[in-house]
Amino acid sequence: MTVSSRCICTAIDAKVLAKIIESHVESATYIDSHPWIVAREFLDEAAAAQQRLPLVFATGDPITFSHWAFVESIDIRELHHGSWETHCEIGPLMPVNPIWESIDSVALAPSAEQLHREKVEPVHIHRQMLNEQHIWPYAVCETPVFIPDS
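Source: prediction; values computed, not measured.

Criteria and thresholds
- Residue positions within a chain follow its written sequence, with the count starting from 1.
- Local features are withheld for residues below a pLDDT of 70 in this predicted model, meaning they are given only at 70 or higher, and side-chain atom pairs are given and counted only at 80 or more; totals for whole chains, interfaces and linings count all residues.
- Values reported for side chains reflect all heavy atoms of the structure, with hydrogen atoms and water molecules removed beforehand.
- Helix and strand definitions here come from DSSP, where helices need a minimum of 4 consecutive H or I residues and strands a minimum of 2 consecutive E residues; each element is numbered from the N-terminal end.
- Under the scheme applied here, a residue whose accessible area is under 20% of the maximum for its type counts as buried, over 50% as exposed, and between as partly exposed, the area being computed with a 1.4 Å probe on protein chains only.
- In this scheme, strands are said to pair when DSSP sees at least two bridges between them.

## As for the overall build of the chain
- Scanning the chain for helices and strands turns up three helices and nine strands.
- When the helices and strands of the chain are placed in sequence order, the string is β-β-α-β-α-β-β-β-β-β-α-β.
- Along the first, second and third principal axes, the C-alpha set of the chain runs to 50 × 35 × 30 Å.
- The buried share of the chain, reckoned over its 150 residues, is 39%.

So this is what it looks like as structure tokens:
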């Protein structure tokens, strides 16, 4: 399977990440209190195209990328009105190479209109880089070069 051109980036508490790393061999579950509705739509699109959707974790202060994995499934549960829980099943965690740890090494995913315009018009490609304000609760980004396509 190839890798999707988009990925999900999110911040994770260092203790939660350490617990996932310690207990995780083949798969793990990341739980968030935000409904990852659009992320699940991207996962469904990637699966329909026989692609894999990466999830990149950032942690620390200052916040930096730490690990990444492929998303296996996203289950969104409404606990009661206005209260959500997202269970994100992921494959094995892979460490991010230190040269790519800065969160501004990844660009936010451009809109479909921007991609179309870049394709049909002679316009300069412009990307907005990820920052701490965009990563909460998660950001949809272009898949970074450190994630292998295979």
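## A word on the pairing of strand β6 (residues 64–80)
- Note that strand β5 (residues 54–59) and β6 share six bridges and pair antiparallel. Within β6, the residue paired with Phe57 across the bridge is His67.
- Two elements, β6 and strand β7 (residues 83–90), share eight bridges in a ladder whose sense is antiparallel. Across the sheet, residue His80 finds its bridge partner in β7, namely Ser83.
- Count of turn residues in the β6/β7 antiparallel hairpin: two residues, of which Gly82 carries a positive phi of about 85°.

## A look at unusual backbone geometry
- Cis geometry marks the peptide bond from Asp61 to Pro62; its omega dihedral reads 5°.
- Looking at the element boundaries, Pro62 is found in the loop between β5 and β6.
- Residues Trp136 and Pro137 are joined by a peptide bond in cis, for which omega reads -10°.
- Along the chain, the position of Pro137 falls in the loop between α3 (112–120) and β9 (139–142).
- A positive phi angle is found at Gln50, which is not glycine, with a value near 55°.

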